[in-house]
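Structural overview for review
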Amino acid sequence: MQGAASRCAMRYLSAFLLSLAMATAAWAGPVEDSIAKGRAALAARDVVKAMEAFTAALEADPRNVEAAYDRGRLLLVIGQPQYAIADFTTAVVGNPAFASAYVGRAHAKMTLNNAKSAAADFDKAVAVAPKDVEVLVARAAFRARSGDVAGARGAV
């Protein structure tokens, strides 16, 4: 009898876990759909639709790292670096190992002439991804533009 009760409990547990997974997938679906729509709109060079899609994703999940990063990149490109910083910050808070988000935030800070803070973000990006060539090149380019040619040579 004990074996039958154990099997029954396992069936209920399995059913519960399956329903929980399905509920989670259903909840996450609209956010992922919005991100995909935003990326497709970017590929089609439709900035307005991309912004709407990334914003919809963030309204559904304000801490979504991917949506924050993608919208931050878009905001930077359209000349809104102060808002891009906020989105990149959301991305790095959600994933402190997201080197590209530190690089994006550093570029936004450079646009706002905050070189000291940008340098700190480039250094943090390298600290979390020391073998990422794109991150190393971004920091080297920043250092070269800042007049630190020796630092730029040693950065890659």
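The structure reproduced in this document is the subject of the present report. (Residues numbered from 1 in each chain as written. Predicted model: local features only at pLDDT ≥ 70, side-chain atom pairs only at ≥ 80, totals over all residues. Heavy atoms only, no water.)

A short note on the packing of aromatic side chains
This is how it is decided: Two rings belonging to Phe, Tyr or Trp (six-membered ring only in the last case) form a pair when the distance between their centres is within 6.5 Å. Interplanar angles under 30 degrees mark stacking, angles over 60 mark edge-to-face geometry, and anything in between is tilted. The helix and strand labels rest on DSSP assignments: H or I over at least four residues marks a helix, E over at least two residues marks a strand, and numbering proceeds from the N terminus. Exposure classes here rest on a 1.4 Å probe applied to the protein chains alone. A residue is buried below 20% of its type maximum, exposed above 50%, and partly exposed in between.
A full pass over the atoms with the stated rule returns three aromatic pairs. Centroid distance Y69 to F88: 5.8 Å. Interplanar angle 55 degrees. Geometry classified as tilted. Pair noted here: Y69 is in helix α3 (residues 65–77) and F88 is in helix α4 (residues 81–94), with a separation of 19 residues, a long-range link. Look at F88 and you get buried, because its relative accessible area is 1%.

Section: unusual backbone geometry
At R45, a residue that is not glycine, the phi angle is positive and equals roughly 65 degrees. On the secondary structure map, R45 appears in the loop between α1 (2–43) and α2 (47–60). Residue R45 is classed as exposed on the basis of its relative accessible area, which comes to 76%. Positive phi, normally seen in glycine, also occurs at N113, with a value near 60 degrees. Tracing the backbone shows N113 in the loop between α5 (99–111) and α6 (115–128).

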